[in-house]
Amino acid sequence: MFGSQLRKNGSSGAKTPSNGRYRNGNDHLIELHDVVKTYRSAAGEFTALKGIDLEVDGGEFVAVIGKSGSGKSTLVNMITGIDRLTSGEILVGDTAIQNLKEGKLAEWRGRNIGVIFQFFQLLPTLTAAENIMLPMDFCRMYSTRERRERAMHLLELVGVADQADKLPSTLSGGQQQRVAIARALANDPPILAADEPTGNLDSKTAESVFSLFETLVAQGKTILMVTHDRDLARRATRTVILSDGAVIEEYLAKTFPALTEAQLIEATRNLEPVKFLPGAVILQQGAAPDKFFIITRGRVEVVLPEANGQEIVATTMVKGQYFGEVELRRGGHNIATIRADPVLGVEVAAFERAEFESLLAASTAVHDAIDRTVSERIAENEAARSRLERNHA
Amino acid sequence: MLSPRWRKVLRDLWGNKLRTTLVVLSIAVGIFAVGMISGSQEATMAALNTGWQATNPSSMTIYTDLFDEELLYAVRHLPGVKEADGLRAFGARFKNPAQLAAAAGNVPTGDTPVNAMLDPEKWRNISLIAYPDFEAIQVGKIWPQSGAWPPPEHQILIERASMAWMGVRTDDTILVEAPNGRQRRLRVAGVVHDPGQMQATWMGQGIAYISRDTLEWFGASRDFDQLHVVAAGENLTRSQLNQLAQQVRSKVEKSGRTIYYTYIPTPGKHPAGEAVEPILMVLGVLGILALVLSGFLVVNTMQALLTQQVRQMGIMKAIGARSNQIMGIYLGMVIAFGVLALAVAVPLGALGARGFTQYMGNLLNFDVIGLSIPPRVLATEIMIGLAVPVLAALYPIFSAARITPREAMSDYGLASGARQTSAARSSGSTGKKPRFELRVRLPFSRPTLLSLRNTFRRKGRLALTLATLILGGAIFIAVFSVRESVFKTLDSMYDYVDYDAIVAFRREYRADQIAREALKVPGIVAAEGWRFDSARRIRPDGTESDPVFMRAPQPDSALIRPRIAEGRWIVPDDENAVVINTMFLKDEPDLKVGSPLKLKIAGKETAWQVVGIASGTPPAPMLHVNYPYMSRLMGAVEQAGIAIVVTAPRDPASQAAAAKALEEHLKAVGMEVNYRQTSSEERTQIIGRFEVLIVFLLIMAVLLAVVGAIGLTGTMSLNVLERTREIGVMRAIGASDGSVFQIVVVEGLLIGVISWCFGALLAYPLGKLLSDAIGNITMKTAMDYAFSVNGMVGWLVIASVLAVVASLLPARNASRVSVRDVLAYE
Ligand SMILES: Nc1ncnc2c1ncn2[C@@H]1O[C@H](COP(=O)(O)OP(=O)(O)O)[C@@H](O)[C@H]1O
Ligand SMILES: [Mg+2]
């Protein structure tokens, strides 16, 4: 009965025929499937990305965080096509970028992705305005006359219009980064990719650059931003945590803060992302329990049946919260019906019983934390039930 | 409005003037070298030939008894004869009274350079030439240059290439003595140009022109003794010319005149061709070397330049530039460099070529026509200026344009990985340890160690820079070795001479009388009477060779020390044995030891047998025969025409003094002296002929040194520019201006010294090759090779100085790098 509502996004995701929104069958603006990047150097091979799966929707503001060396830059470079993947597949809009030749890729990038670097990377011999006009020149966008106007407009947008005719070396770091952002916007690309754009700026300037990003997102741009700054990351609509070349499901990390990174990676691998349409039932009260769920996106409603056959929404749970643990820990049948939010639907990470158990076994802290939640939930449930019964009475 | 990418190109060119200048200079110096070398080669050949052809040179010259216009007209009407002219060449001797006065310090000689070596009281040779009609010369034309024309009566016109050697100016009066002893004073009425004549210095005689009336004034006949004939038809073979010569000769003989000699030059070949050939050959070789050299330089510069730009290429790709757009931008830049270099170097090369051609023109007596750049030279220049840079840049640009922006922009793995590219390889080696590791503790300071490591960091660039400098140095040293080899060879040839002076008589005297009288002169310690005759070989095909000196020294003479290459030397009871030398062999290559040899001596055909080949004789065709047989053969037993003497002491001044005293003594006892010459004078005259070649080689050596220096400056500057960041870091950790400066200079010096080592090694075979080639062309024998230690030491000094000077500017720039620049370069 769940089957029809589940769509697995396993490693073979896009290869299964689908009727996605984009030409290559992807539903999301950006989709990464099992992306591996191995660097070969004199010192030997080093795999910086170990099979990344990731989806980003249009309009999202994604912060990529992780320790230094975890593969953040590599990941962003894969998506922008600044570097080549070793295996896997990256779909951006209608384009499967691993299939593009270097020249085509550059042109595609020029039109579709604005790239922003930590060290600004403005061409030293061109003025601010000329740096912005360069991508238009390369991609033959806008008429020659419009280019200058547009450059000025963008400089105004980023607040450095008065620096238009200065060379980069005469600008401050913050001003250079603003020019670089304006340059990234030159061809009006839907996506901006920024690798530690605030890494070289003081916190005040960083803050203003970040606000600029927020404005752009509000205008409909999709932004992928690598950052070290957890406070800034928190303000993004979504965070992707990278660790040792793998993505850690952010809610898994929140749910099990006691897990080590290795365990989180293992857990992330084992979880099964499942999507439910609005209103779909995930757990039916009274049915036999078999999975543990963490909400990764959207909301669920916890529904309790009323005596009169009506249902009542006892509470809602949002991303980062989990359910299904009580039954798995305690045995017995589901104590409540849980269904996807009637408007938003939900995406959850599902764990098989065995995986859930091995997670608990991995750490006594986790074990204890879950058991604490179980008791709390049971207590809550009891309270709710008695409240309900009292109401009926 | 210019699009931003082309604005970037312009700004890169204009904004970094030092780099642009260096790159342009590197390309330009190669263009200049090739333009000058090939330009002078072509211009010299062209001017020489044009000038020579304009004279309407004769296809054959027939030396005969005196003849008049009547015979001339008859010859002119012979079938197969296009044009014919007669002339009289009258060997005489002269003194220059003006010079005499100048030597006494009374009259200034003006700006005419006077050969200071010459004794003003000494008679010198002059050839007086009379044409039938100076205003209508048909064959062997000459042109008035200044003053009177045609030669006025009792006056003389001098060939312009003889003026300096003779030490005369227009309006001077010279004293001329005819073979019959008659002396006349002649005013120099004007100057003429005869493209067929060379520097008087080379020939040891002046060339002058007189009218037939003046001829009579000397008591000589008005008639002619040379018949110059131009054959009708183009591109005649030698045998066709021989046939025609036969017809002309029988015409002359039918008139009852004796033919002495027929000379058929190689058609179209300038008489100075022999002197020019080695120079042109060396020009050609050096032209090719300069081409290779500038090729290296350009490749090196381009790669360094592009390496610096790899990051920017990455940025541009990251913001949407396609590979071919990047290639377009950088090829545009390279072409801009090339065009700038061409604009600078083509005119300069043409000027250089003109200067050099002018120099050759002065020596070889031809006029340089205009300042044109031959199309072939221009094409070569454009090739070096555009094609070589573009080709050199193509691969780095291509690979840099193809690598991913990440590879282009990162400091990681550029030196590594499967997709290794040359741009990448040369651009970064942070990931790789330098192979040159100093594990042992060398007694060097930290900065010196850094210089050492830096030197070996960019191996490709180092190799190219070294190649440029090594080649430049090798050529430099080789050129000096050629020079020393020429001297050594001449020295060893002059080892032949163990006499100090020669006095020639106007007629023959008894050999023992000559010796007896000579020994009476104080300062003369040994004397012999020899025969000097002139002979021509009659070849098996009937043609005759150029006249060749024939020496008949006294048997077992101690005054010469010939070196035998093959066969043997003359022995006292030899009869018709003749020893030829290598210079004669060069003209008559069919001769071997044991060959019969027919010689025409004073109109008489005689039969000889070659018994030996001498390599060590003065560098002119020369035959040696046994005196007793020769004097019998000539019907003048015991008679001799020259006195060969040994003086004591033997320095040039004493030689000259003794020779002068000898001439005076001989005159006093009634013996008629024709001329005298000391062995030092003879030697100076012969070395003079090689001087052109040597001066020329030195010019080339200097030119190549300059190419090398500019190359090194370029490399050092690019190294420094490339390392700005690292230098900034060094400053950040406390390096002083001085130590940064020192690091760069020591690196330059190191490159200079390394290049010197290999250059010196390479110079040995290169010098041998060059001097063998030149020896073969000029003397038909490999020269005695002398490796120039002076050249080697000289180049060490020059290379070190150049290296330091070449590093100064980059070092100064390096010491100005501030920590802030490091950030700017991120
Ligand atoms: N070109 C390269 N060659 C070899 N290893 C590399 C290269 N680039 C990155 N790495 C390695 O890959 C890992 C991820 O690098 P990166 O993506 O730059 O990390 P981050 O941006 O998260 O700090 C690091 O361990 C780094 O050492
Ligand atoms: Mg990074």
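Our structure is the block above this text.
Below: a short report on this structure.

Cut-offs used in this document
Residues numbered from 1 in each chain as written. Chains lettered and ligands numbered in written order. Predicted model: local features only at pLDDT ≥ 70, side-chain atom pairs only at ≥ 80, totals over all residues. Heavy atoms only, no water. Helix = DSSP H or I, 4+ residues; strand = E, 2+ residues; numbered from the N terminus. Buried < 20%, exposed > 50% of the residue type's maximum accessible area, 1.4 Å probe, protein only. Contact = heavy atoms within 4.5 Å. Areas by Shrake-Rupley, 256 points an atom, 1.4 Å probe, with all protein chains shown as cover. Pairing = 2+ DSSP bridges. Axes fitted to C-alpha atoms, helices over the stretch in contact; angles between N-to-C directions. Near = heavy atom within 4 Å. Polar contact = N/O pair within 3.5 Å; in protein donor to acceptor, adjacent residues only side chain to side chain. Nonpolar A, V, L, I, M, F, W, Y, C, P; charged D, E, K, R; others polar. Left-handed = near helix turned anticlockwise from the far one by under 90°. Buried area = accessible area lost by both parts, 1.4 Å probe. Salt bridge = Lys/Arg side-chain N within 4 Å of Asp/Glu carboxyl O. 1 Å grid on protein atoms, 1.4 Å probe; cavity = no way out; pocket = protein on both sides within 12 Å on 5 of 7 lines; lining within 4 Å. Points joined across faces, edges and corners; volume = space filled by probe spheres on them. Patch = residues over 30% accessible without salt bridge, like charges linked within 9 Å, V, L, I, M, F, W, Y side chains within 5 Å. Expected span 1.5 Å × (residues − 1). Bend = angle between axes of the 7 residues up to and from the residue. Phe/Tyr/Trp six-rings, centres within 6.5 Å; stacked < 30°, edge-to-face > 60°. Lys NZ or Arg CZ within 6 Å of the ring centre and 35° of its normal.

1. Focus: the overall build of chain A
Per the secondary structure count, chain A includes 12 helices and 17 strands. Evaluated residue by residue, chain A yields a buried proportion of 54% over its 393 residues. Taking the intrachain contacts of chain A between residues at least 6 apart in sequence as the baseline, contacts between residues at least 24 apart amount to 72%. Here chain A has roughly 17000 Å² of accessible surface; of this, 50% comes from carbon and sulfur atoms.

2. What to know about the sheet that holds strand 5 (residues 95-96) of chain A
Residues and elements named next belong to chain A. The strand order 2-1-4-5 describes an open sheet built from four strands, whose pairing is antiparallel. A single partner strand is all that each edge strand has here, and the edge strands are strand 2 (44-56) and strand 5. Most of the contacts of helix 1 (residues 72-80) go to strand 1 (residues 30-41), to which it runs at about 115°, and overall it touches strand 1, strand 2 and strand 4 (87-92).

3. Side note on the site of ligand 1
Near ligand 1, the surroundings consist of 13 residues, among which Gly69(A), Lys72(A), Ser73(A), Thr74(A) and Arg406(B) are the closest. The environment around ligand 1 is built from residues contributed by chains A and B. At 3.5 Å, a side-chain N or O of Tyr39(A) approaches a nitrogen atom of ligand 1. Residue Thr74(A) places a side-chain N or O atom 2.4 Å away from an oxygen atom belonging to ligand 1. Where the shell around ligand 1 is concerned, the elements lending two or more residues are strand 2 and helix 1 of chain A. With three residues, helix 1 of chain A is the single largest residue contributor to the shell around ligand 1. Looking at side-chain class alone, the shell around ligand 1 contains four nonpolar, six polar and three charged residues.

4. Quick notes on the side chain of His193(B)
All names here are of chain B. You can see His 193 is positioned in strand 7 (residues 183-193). Here Arg 160 takes part through its side chain, which lies 3.2 Å from a polar atom of the side chain of His 193. Reaching out from His 193, the side chain makes a polar contact with the backbone oxygen of Asn 365 at a distance of 2.9 Å. With residues up to four places along the chain from it excluded, the contact list for His 193 reads Ile 142, Trp 143, Gln 145, Glu 159, Arg 160, Asn 365, Phe 366 and Asp 367.

5. Section: the packing of helix 2 (residues 17-54) of chain B against helix 10 (residues 323-364) of chain B
Angle between the axes and distance between the axes: these two values describe a pair of packed helices. Residue and element names in this part refer to chain B. Between helix 2 and helix 10, whose axes approach to 5 Å, the crossing angle comes to 35°. In this structure, the crossing between helix 2 and helix 10 has a hand that is right-handed. Looking at side-chain class alone, the contact of helix 2 with helix 10 contains 21 nonpolar, nine polar and one charged residues.

6. Regarding the interface of chain A and chain B
Across the contact, 34 residues belong to chain A and 32 residues belong to chain B. In total, about 3000 Å² of surface goes out of reach between chain A and chain B, with carbon and sulfur atoms giving 60% of it. Connecting chain A to chain B are four salt bridges. For Arg322(B), the salt bridge goes to Glu107(A), with nearest N and O atoms at 3.3 Å. Counting across the chain A and chain B interface gives 11 residue pairs in polar contact (both at pLDDT 80 or more). Among the secondary structure elements, those contributing two or more residues to the side of chain A that touches chain B are strand 1, helix 2 (102-112) and helix 3 (128-138) of chain A. The residue inventory of the side of chain A that touches chain B, partitioned by class, reads 15 nonpolar, nine polar and 10 charged.

7. Focus on empty space enclosed by the protein
According to the stated counting rule, one finds 10 cavities of 30 Å³ or more in the structure shown. Its boundaries defined by the atoms lining it, the second largest cavity holds a volume of some 70 Å³. Taken together, Gly110(A), Ile113(A), Gly114(A), Val115(A), Pro135(A), Arg183(A), Ala184(A), Asn187(A), Pro189(A), Ala318(B) and Ile319(B) make up the full set of residues lining the second largest cavity. Listed by contribution, the elements that provide at least two residues to the lining of the second largest cavity are strand 6 (113-116) and helix 5 (173-184) of chain A. By residue class, the composition of the lining of the second largest cavity is seven nonpolar, three polar and one charged.

8. Focus on the pairing of strand 1 (residues 60-67) of chain B
All names here are of chain B. In the sheet, strand 1 pairs with strand 9 (residues 224-231) via five bridges, with the strands oriented antiparallel. Residue pairing in the sheet places Ile 62 in a bridge with Leu 227 of strand 9. As defined by bridge partners, strand 1 adjoins strand 10 (residues 259-263) across four bridges and the pair is classed as antiparallel. Residue pairing for strand 10: Thr 64 is matched across the bridge by Ile 259.

9. Digging into the environment of Phe476(B)
Residues and elements named next belong to chain B. Mapping Phe 476 onto the fold places it in helix 15 (residues 459-494). In sequence terms Phe 476 and Leu 703 are 227 residues apart; their C-alpha atoms lie 9.3 Å from each other. Setting aside residues up to four positions removed in sequence, Phe 476 forms contacts with Ala 701, Gly 791, Trp 795 and Ile 798.

10. Some thoughts on the environment of Ala653(B)
Mapped onto the secondary structure, Ala653(B) falls in helix 19 (residues 652-668). Separated by 27 residues in sequence, Ala653(B) and Ser680(B) have C-alpha atoms that sit 9.2 Å apart.

11. A short note on a nonpolar patch on the surface
All names here are of chain B. Together, Val 789, Val 793, Val 797, Val 801, Val 805 and Leu 808 line one region of the surface with nonpolar side chains, adding up to about 480 Å² of accessible area. Mapped onto the secondary structure, Val 797 falls in helix 23 (residues 789-815). The exposure class of Val 797 is partly exposed, given its relative accessible area of 47%.

12. Considerations on the pattern of salt bridges
On inspection of all chains with the given rule, the structure shows 50 salt bridges over all chains. In this structure, Arg650(B) engages Asp498(B) in a salt bridge whose closest nitrogen and oxygen atoms are separated by 3.3 Å. Residue Arg650(B) is found in the loop between strand 19 (639-647) and helix 19, and its partner Asp498(B) is found in the loop between helix 15 and strand 11 (501-510); the two are separated by 152 residues along the sequence. One salt bridge in this structure joins Arg510(B) and Asp512(B), with 3.2 Å as the shortest N-O distance. In this structure Asp512(B) comes out as partly exposed when scored by relative accessible area, which is 38%. Each of the salt bridges in this network shares a partner with another, and the network as a whole consists of Glu107(A), Arg111(A), Arg140(A) and Arg322(B).

13. A word on helix 10 of chain B
All names here are of chain B. Here helix 10 contains 42 residues, and its C-alpha end-to-end distance of 57 Å stays within 8% of the 62 Å for a straight helix at 1.5 Å per residue. Most pronounced at Leu 342, the bend in helix 10 amounts to some 25°. Just past helix 10, the residue Asn 365 takes up positive phi, approximately 65°.

14. Observations regarding the packing of aromatic side chains
Enumeration over the complete set of coordinates arrives at 21 aromatic pairs over all chains. Taken together, a centroid distance of 5.1 Å and an interplanar angle of 20° make the contact between Phe293(A) and Phe323(A) stacked. Note that Phe293(A) is positioned in strand 13 (residues 291-305) and Phe323(A) in strand 15 (residues 322-323), a separation of 30 residues in sequence. For the residue pair Phe293(A) and Phe323(A), the accessibility class agrees, reading buried in each case. Positioned over the ring face of Trp165(B) is Arg124(B), at 4.6 Å from the centre of the ring. Sitting over the face of the ring of Trp217(B), Arg184(B) holds its NZ or CZ atom 5.2 Å from the ring centroid.

15. Observations regarding the pairing of strand 19 of chain B
All names here are of chain B. Across the nine residues of strand 19, eight count as buried, placing the element largely inside the fold. Taken together, the six bridges between strand 11 and strand 19 define a ladder with antiparallel strand orientation. Across the sheet, the residue bridging to Val 503 is Ala 643, located in strand 19. Bridging between strand 12 (residues 524-537) and strand 19 involves six bridges; their strand directions are antiparallel. Each bridged residue has a counterpart across the sheet, and for Glu 528 the counterpart in strand 19 is Ile 644.

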